[in-house]
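# Overview (structure and organization)
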Amino acid sequence: MRRTLVLVSLAVTSMVALAFLIPLALTVREIARDRALTTAERQASALGPVLVVTEDPPALERAVASTQAGSAGRMTVHMPDGGVVPRDARGDGSADPEQIAEAGRRGRSYTARVGGGYALLQPVSLDAGRTAVVEVYLPDDDLSRGVWKAWLVMTTVAAALVAGSVAVADRLGNRMIRSTRRLAEAAGAFGDGELSVRIEPDGPPELVEAGLAFNAMADHVVQLLAAEREMAADLSHRLRTPLAALRLNAEALGDGPVAEQTREAVDRIEREVDQIIRTVRRPTGRGSCDAAKVLRDRVAFWSVLAEDEGRSCELIGAERPAPLPLPGTELAAAVDALLGNIFRHTSEGTGFAVTLHQGQGVTGILVADGGPGIADPDAALKRGSSGGGSTGLGLDIARRAAESTGGYLRIHRSVLGGAQVQMWFRTKWLPPARRSRRLVRRRHSRSRG
């Protein structure tokens, strides 16, 4: 945004400066030209009264020398009889006879192009219908005198205005970006579980309003989570009494298949209630772990069973630490679920490999096997699906672990010939635009399933 504001300010100010600078530069050039021609015409007109009074060459030479152009050798008087005053006038740059005759026919001043500049031809009417022509030579330098200096000054002023505009736009953009970045960082931290994060709104009114809305939203979310925890805890504790009664009744049933099934059902319900209580008592913060260490531990655990069943087992990319914003127990549960699926749904001797990949802002864990693969990956990602291949509840556990960090889970064909389950975890906060695109892709893949 800051760069965009600077570029927009640079473009707009430059266009405005050029819109004024080009016409002004042309006007300055025309003014300089008109000034030189007006000065030459005034000097040529000064000889008119002298020519009316006398045609004596020495007198005319003194009159010509008294003018600025004459003293510089740039003024010549062409007499009706073909004579030239002064007699030693230069020939270079002078008007040709046709141009002099044309000025006499016009009866008014006439500017003709000559070598190296222009010649101002001023006709003067004498007695008996005769006409003399006063020629003032104007070199090109006189017509553009002071123009380049004026252009340089105007260009400098325009450049200073453009630079000032860009500097102001940069400061305004920096102010907006600072406020926006603070809001984005607060939103990212809040999404990572730091529910106490709040910001001090500043910047433009729109960003101040957005900051206030974020604080209000955060307070509301905290209240909702607190209410949810209280309700879950209250419900769990209320179930304790009927569960105790059920257990006593189950114990009184004695032996038999029905009694055993009843006791197993009561045990499952009690475990679920304990899990709910542990969940609601868990701190809001997510926690973190070293994914490489967790993978080394879990692969070492499963490698013993793999050796008994004749399976090849390989861990790739876990040599250096890989921080992950996920509790180690949850990552271990997800890895165990995927590896357990391999042992349950593939035949003995089927090898598998676990790969750890660290990218820019993401970390991937790829579990590949050499089994028959998964025929319908989209259906396998649906919770509760089961069947051939590495499907079932294990995929749901892995998917929830990945999505808890803003990541996702994918199923592809592995190089070993079977299924490859990819868990991608987000390791740092992404801008909303990039995050939304990933979310759209993830939802699109689910809708196809």
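Residues numbered from 1 in each chain as written. Predicted model: local features only at pLDDT ≥ 70, side-chain atom pairs only at ≥ 80, totals over all residues. Heavy atoms only, no water.

In terms of regular secondary structure, the protein is built from 14 helices and 12 strands. Expressed as a percentage of its 449 residues, the buried residues of the protein come to 38%. Partitioning the intrachain contacts of the protein with sequence separation of at least 6 by distance along the chain shows that 64% fall at a separation of at least 24. On the protein, roughly 25,600 Å² of surface is accessible, and the fraction owed to carbon and sulfur atoms is 58%. (Helix = DSSP H or I, 4+ residues; strand = E, 2+ residues; numbered from the N terminus. Buried < 20%, exposed > 50% of the residue type's maximum accessible area, 1.4 Å probe, protein only. Contact = heavy atoms within 4.5 Å. Areas by Shrake-Rupley, 256 points an atom, 1.4 Å probe, with all protein chains shown as cover.)

Turning to the side chain of T363, a few remarks are in order. Position of T363 among the secondary structure elements: in strand β10 (residues 362–369). On the basis of relative accessible area, T363 is assigned to the buried category, the value being 2%. Among all residues touching T363, those that are not within four sequence positions of it are P323, L324, L356, H357, Q358, M423, W424, F425 and T427.

On to the pairing of strand β5 (residues 131–139), then. Every other side chain in a regular strand lies on the same face of the sheet, so the side chains alternate between the two faces. Where burial is concerned, most of β5 is hidden: 8 out of the 9 residues are buried. In terms of strand pairing, strand β1 (residues 75–78) meets β5 through 4 bridges, oriented antiparallel. Following the sheet pairing, M75 is matched in β5 by V136. Note that strand β4 (residues 117–125) and β5 share 9 bridges and pair antiparallel. Pairing of L121 across the sheet is with E135, part of β5. Between β4 and β5, which follow one another and run antiparallel, lie 5 residues, and A128 among them has a positive phi close to 60°. (Pairing = 2+ DSSP bridges.)

For the coordinates displayed, the defined rule picks out 2 cavities of 30 Å³ or more. In this structure, the largest cavity occupies an estimated 60 Å³ of space. Lining the largest cavity are S179, R182, L183, I199, E200, P201, D202, L207 and G211. If you list the elements that add at least two residues to the lining of the largest cavity, you get α7 (147–191) and α8 (205–251). Sorting elements by how many residues they give to the lining of the largest cavity places α7 first, with 3 residues. For the lining of the largest cavity, the class distribution of residues is 4 nonpolar, 2 polar and 3 charged. (1 Å grid on protein atoms, 1.4 Å probe; cavity = no way out; pocket = protein on both sides within 12 Å on 5 of 7 lines; lining within 4 Å. Points joined across faces, edges and corners; volume = space filled by probe spheres on them. Nonpolar A, V, L, I, M, F, W, Y, C, P; charged D, E, K, R; others polar.)

So, on to the environment of L60. Turning to its location among the elements, L60 is positioned in helix α3 (residues 57–65). Given the relative accessible area of 2%, L60 is considered buried. Taking C-alpha positions, L60 is 8.3 Å from L47, a pair spaced 13 residues apart along the chain. Excluding residues within four positions of it along the chain, L60 makes contact with V50, L51, T54, E55, M79 and V85.

The strand order across the open sheet formed by 5 strands is β7-β9-β10-β12-β11, and the pairing between neighbours is mixed. Two strands bound the open sheet, and with one partner strand each, they are β7 (313–316) and β11 (408–413). For this sheet the average axis-to-axis angle between neighbouring strands, irrespective of direction, equals 15°. Across 4 bridges, β7 lies against strand β9 (residues 352–358) in parallel orientation. When the sheet's bridge partners are listed, L315 is paired in β9 with V354. (Axes fitted to C-alpha atoms, helices over the stretch in contact; angles between N-to-C directions.)

Per the stated rule, a full pass over the model turns up 15 salt bridges. Residue D127 pairs with R130 through a salt bridge whose shortest N-O separation is 2.6 Å. The salt bridge involving D396 is made with R400; its shortest N-O contact spans 3.1 Å. Of this pair, D396 and R400 both sit in helix α13 (residues 393–403), 4 residues apart, which is roughly one turn of that helix. You can call D396 buried: its relative accessible area is 2%. One salt-bridge network, held together by shared partners, links D396, R399, R400 and E403. (Salt bridge = Lys/Arg side-chain N within 4 Å of Asp/Glu carboxyl O.)

UniProt's entry tags residues 148–169 with the feature "transmembrane region" (unreviewed entry), counted in the numbering of this structure. The span residues 148–169 carries 100% helix and 0% strand; its end-to-end C-alpha distance comes to 31 Å. (UniProt positions renumbered as here; feature names shortened; annotations may be inferred.)

What follows is about the sheet that holds β4. If you trace the 5 strands from one edge of the open sheet to the other, you get β2-β1-β5-β4-β3, paired in antiparallel fashion. The open sheet has two edge strands with one neighbour each: β2 (84–85) and β3 (110–114). In the packing of helix α1 (residues 2–45) onto the sheet, the strands contacted are β1, β3, β4 and β5, and the crossing angle to β4 comes to about 35°. Running at roughly 170° to β3, helix α5 (residues 97–106) makes contact with β1, β3, β4 and β5 of the sheet.

One finds L331, L339, V354, L356, I365, M423 and F425 to be the most contacted residues of the largest nonpolar core, which totals 37 residues. Sorting the residues of this core by element identifies α10 (291–308), α11 (328–345), β9, β10, α13, β11 and β12 (419–426) as the ones contributing at least two each. Contacts of L339, omitting those with residues within four sequence positions, involve R298, W302, F352, V354 and V367. L37, V64, A69 and L138 belong to the second largest nonpolar core, which has 22 residues in total. (Core = buried A, V, L, I, M, F, W, Y, C linked by side-chain atoms within 4.5 Å.)

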